[in-house]
Amino acid sequence: MSRLSRAAAAGAVVVLSVVMVIVVVLYLGAGTVAQRSGATPSVEASVQPSATGEPTALVSQEPQAVFAQIEQQVRALRGLSAPDIGPVELIGRARLEAELKATFEADYPIEQQRAENITLRALGLLKPDQDVAALRLQLLSGQVIGFYDDKKKRMVVVSDAAADGQAKITYAHEYTHALQDNAFGLKSLELDAVGEDYRGLARLALVEGDATASMLQWAVANLSPDELTGVAATPVPDMSGIPAWMVQQLEFPYTAGLEFVSALGGGLGGD
């Protein structure tokens, strides 16, 4: 994976904390999500309010049942067929962090880390005692509550966060990636093409912006006011000591991607 694409992918948790605040703003403000995010008419029509006009909260709190219901709702929202990913894997935080670290290290060779440290320090973007890999791992450590593995077609969620609002909205985002992958093939976008970092980052912004727009629409239609408020109150990940440029780079696919998808009026798919 290219440096920029890899860095952006590692920033999902950081940006979700920002996007969660947007969810509450959208919910409390006037107008529909489709009007705010540029969603297509068919997507807007697929969001069905309850008889009282309020968003419908998920009924069951059993993890697998909750996730299965979210999958049905997101598929209806997007008009895309179900991917063959099997049941959600519920794992502990220690195992999740070990998996993320192993993936990070496999995609980020020591030689590349050293080369980037030299370059970034020479440019004044890192202090002499700062390490680019350690800083990126700091953004990941202890914050991720789930992910979609497009290589193994796995959906993974931390078991101790399975039924709360944060886990639900994150799952809606990650399940959108599974729908994207099944319908269009994420691999075909060549997000990690060698020597094409900026093209990869732009395409990643389309993928993440589309998933973020889908997540926002799902959340306003299906989370209760208390859940939305709780999601927005989620503590921002610890970014002390991390250069601002690195945080901005990590946020870009989600914030700029959401704006881009809104301007397109729909994103990657759906009727």
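Cut-offs applied
Residues numbered from 1 in each chain as written. Predicted model: local features only at pLDDT ≥ 70, side-chain atom pairs only at ≥ 80, totals over all residues. Heavy atoms only, no water. Helix = DSSP H or I, 4+ residues; strand = E, 2+ residues; numbered from the N terminus. Buried < 20%, exposed > 50% of the residue type's maximum accessible area, 1.4 Å probe, protein only. Contact = heavy atoms within 4.5 Å. Areas by Shrake-Rupley, 256 points an atom, 1.4 Å probe, with all protein chains shown as cover. Pairing = 2+ DSSP bridges. Phe/Tyr/Trp six-rings, centres within 6.5 Å; stacked < 30°, edge-to-face > 60°. Axes fitted to C-alpha atoms, helices over the stretch in contact; angles between N-to-C directions. Parallel < 35°, antiparallel > 145°, perpendicular 65-115°, else oblique. Nonpolar A, V, L, I, M, F, W, Y, C, P; charged D, E, K, R; others polar. Expected span 1.5 Å × (residues − 1). Bend = angle between axes of the 7 residues up to and from the residue. Arc of directions from axis to C-beta. Polar contact = N/O pair within 3.5 Å; in protein donor to acceptor, adjacent residues only side chain to side chain. Salt bridge = Lys/Arg side-chain N within 4 Å of Asp/Glu carboxyl O. pLDDT = per-residue confidence, 0-100.

## Some details on the overall build of the protein
Secondary structure assignment for the protein yields 12 helices and 3 strands. Of all 271 residues assigned to the protein, the portion counted as buried reaches 48%. Relative to all contacts within the protein whose residues are 6 or more apart in sequence, the contacts with residues 24 or more apart total 80%. Counting every atom, the protein has about 12300 Å² of accessible surface; 58% of that belongs to carbon and sulfur.

## Quick word on the pairing of strand S3 (residues 154–158)
For S3, the tally of buried residues reaches 5 of 5 residues, placing the bulk of the element in the interior. Going residue by residue along S3, you find Arg-154, Val-156 and Val-158 tucked away on one face and Met-155 and Val-157 tucked away on the opposite face as well. Across 4 bridges, strand S2 (residues 146–149) lies against S3 in antiparallel orientation. For Asp-149, the partnering residue across the bridge sits in S3 and is Arg-154. The hairpin formed by S2 and S3 contains 4 residues between the paired strands, and Lys-153 there has a positive phi angle of roughly 55 degrees.

## A look at the packing of aromatic side chains
Overall, the coordinates contain 2 aromatic pairs when judged by the stated rule. Aromatic pair Phe-67 and Tyr-171: ring centres 4.6 Å apart, planes at 40 degrees, arrangement tilted. With a gap of 104 residues between them, Phe-67 in helix H5 (residues 63–78) and Tyr-171 in helix H9 (residues 165–184) connect regions that are remote in the sequence. On the basis of relative accessibility, which here comes to 2%, the residue Tyr-171 falls in the buried class. A network of ring pairs unites the aromatic residues Phe-67, Tyr-171 and Tyr-175 as a single cluster.

## Brief notes about the packing of helix H10 (residues 197–222) against helix H12 (residues 244–264)
Remark: H10 packs on H12, axes separated minimally by 6 Å, with the N-to-C direction vectors making an angle of 75 degrees. By the angle between their axes, H10 is roughly perpendicular relative to H12. Where H10 approaches H12, its residues Leu-201, Leu-204, Ala-205, Leu-206, Glu-208, Gly-209, Asp-210, Thr-212, Ala-213 and Leu-216 are matched on the opposing element by Phe-252, Pro-253, Tyr-254, Gly-257, Leu-258, Phe-260, Val-261 and Leu-264. When the residues that make up the contact of H10 with H12 are grouped by side-chain class, the tally is 13 nonpolar, 3 polar and 2 charged.

## Focus: H12
With 21 residues, H12 extends 29 Å from end C-alpha to end C-alpha; this agrees with the ideal 30 Å at 1.5 Å per step. The principal kink in H12, of about 50 degrees, is found at Glu-251, preceding the proline Pro-253 by one to four residues. For H12, the full list of buried residues reads Met-246, Val-247, Gln-249, Leu-250, Pro-253, Tyr-254, Gly-257, Leu-258 and Val-261. One or two steps after H12, the chain reaches Gly-265, where phi turns positive at roughly 85 degrees.

## Notes on helix H8 (residues 132–140)
Taken residue by residue, H8 has Val-132, Ala-133, Leu-135, Arg-136, Leu-139 and Leu-140 as its buried positions. Seen end-on, H8 carries its buried residues on one side only, within an arc spanning 165 degrees. Between the side-chain oxygen of the N-cap and the backbone nitrogen of Ala-133 there are 3.2 Å, and the N-cap of H8 in question is Asp-131.

## Topic: the environment of Leu-223
By the element assignment, Leu-223 lies in the loop between H10 and helix H11 (225–232). Its relative accessible area of 0% is what places Leu-223 among the buried residues. Measuring from C-alpha to C-alpha, the distance between Leu-223 and Ile-169 comes to 8.4 Å, with 54 residues separating the pair along the chain.

## So, the pattern of salt bridges
By the definition in use, this model includes 8 salt bridges. For Asp-210, the salt bridge is made with Arg-78, and the minimal N-O distance between the two is 3.1 Å. Taken together, the residues span a long stretch of sequence, with Asp-210 in helix H10 and Arg-78 in helix H5 at a distance of 132 residues. Judged on exposure class, the residue Asp-210 and its partner Arg-78 are both buried.

## Quick word on the sheet that holds S3
The 3 strands are arranged S1-S3-S2 in an open sheet whose pairing can be described as mixed. Looking at which strands have only one partner, the edges of the open sheet turn out to be strand S1 (89–91) and S2. Sheet twist, expressed as the average angle between the axes of neighbouring strands with direction ignored, equals 20 degrees.

## Regarding the confidence of the model for the protein
Here the protein averages 75 in pLDDT, and 72% of its residues register 70 or above. Per-element averaging of pLDDT across the protein places helix H4 (residues 41–46) at the bottom with 26 and helix H7 (residues 110–122) at the top with 94. Segment residues 1–15: pLDDT under 50, and 55 contacts once partners within four positions in sequence are set aside and those in other chains are kept. When the criterion is pLDDT under 50, residues 30–60 qualifies, and its contacts beyond four places in sequence or with other chains add up to 54 contacts.

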